[in-house]
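Structural overview for review
Residues per chain, in single letters:
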Amino acid sequence: MEEEYKKFNELLIEKKEKYPNICKLWEGHINEKRIKYNTMLTRAIKVLETIESKSEKDLPMETIAFLYFLFQENIP
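First things first, this report covers the structure right here in the doc. (Residues numbered from 1 in each chain as written. Predicted model: local features only at pLDDT ≥ 70, side-chain atom pairs only at ≥ 80, totals over all residues. Heavy atoms only, no water.)

Turning our eyes to something else, we now look at the layout of surface pockets. Computed from the structure, the second largest pocket encloses a volume of approximately 160 Å³. Met1, Glu2, Glu4, Tyr5, Ile30, Lys33, Arg34, Tyr37 and Asn38 together form the lining of the second largest pocket. Those elements giving two or more residues to the lining of the second largest pocket turn out to be helix H1 (2-15) and helix H2 (20-49). With five residues, H2 is the single largest residue contributor to the lining of the second largest pocket. For the lining of the second largest pocket, the class distribution of residues is four nonpolar, one polar and four charged. (1 Å grid on protein atoms, 1.4 Å probe; cavity = no way out; pocket = protein on both sides within 12 Å on 5 of 7 lines; lining within 4 Å. Points joined across faces, edges and corners; volume = space filled by probe spheres on them. Helix = DSSP H or I, 4+ residues; strand = E, 2+ residues; numbered from the N terminus. Nonpolar A, V, L, I, M, F, W, Y, C, P; charged D, E, K, R; others polar.)

Here you go:
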């Protein structure tokens, strides 16, 4: 994935003078998605590092789906 991002940045630099508006839109969009990805990755790591519990049972998929949808509005 880093290779694609590197290629993206190279193309932005190359095309920015001729297509400033398109490049600005793509740059903003990709940066926003990278921030969200990094936030979610950090959360996933934290959950997996602290997942151990006394019951040692996995949550049912229905509960996980419910919690996911319940907290969707609270994700920055």
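Still more to cover.
On to the packing of aromatic side chains. The relation between two aromatic rings is expressed through the spacing of the ring centres and the mutual angle of the planes. Within this structure, the stated rule accounts for two aromatic pairs. Their ring planes at 75° and their centres at 5.3 Å tell us that Tyr68 and Phe69 sit as a pair that is edge-to-face. Of note, Arg34 hangs over the ring of Tyr5, and the distance from its end group to the ring centre comes to 3.5 Å. (Phe/Tyr/Trp six-rings, centres within 6.5 Å; stacked < 30°, edge-to-face > 60°. Lys NZ or Arg CZ within 6 Å of the ring centre and 35° of its normal.)

Let us look at the environment of Lys16. Inspection of the secondary structure assignment puts Lys16 in the loop between H1 and H2. Overall, Lys16 belongs to the partly exposed group, its relative accessible area being 37%. Apart from the residues lying within four places of it in its own chain, the contact partners of Lys16 are Cys23 and Glu27. In this structure the side chain of Lys16 is engaged in a polar contact, spanning 3.2 Å, whose partner is the side chain of Glu27. (Buried < 20%, exposed > 50% of the residue type's maximum accessible area, 1.4 Å probe, protein only. Contact = heavy atoms within 4.5 Å. Polar contact = N/O pair within 3.5 Å; in protein donor to acceptor, adjacent residues only side chain to side chain.)

It is worth spelling out the environment of Trp26 at this point. Summarising the element assignment, Trp26 is placed in helix H2. Look at Trp26 and you get partly exposed, because its relative accessible area is 47%. A sequence separation of 18 residues divides Trp26 from Phe8, and the C-alpha atoms of the two residues are 9.4 Å apart.

This paragraph deals with the pattern of salt bridges. By the definition in use, this model includes four salt bridges. Of the charged contacts in the structure, one is a salt bridge between Glu2 and Arg34, with a shortest N-O distance of 3.7 Å. Taken together, the residues Glu2 in helix H1 and Arg34 in helix H2 connect sequence positions 32 residues apart. Since its relative accessible area comes to 53%, Glu2 is described here as exposed. For Arg34, a relative accessible area of 28% translates into the label partly exposed. (Salt bridge = Lys/Arg side-chain N within 4 Å of Asp/Glu carboxyl O.)

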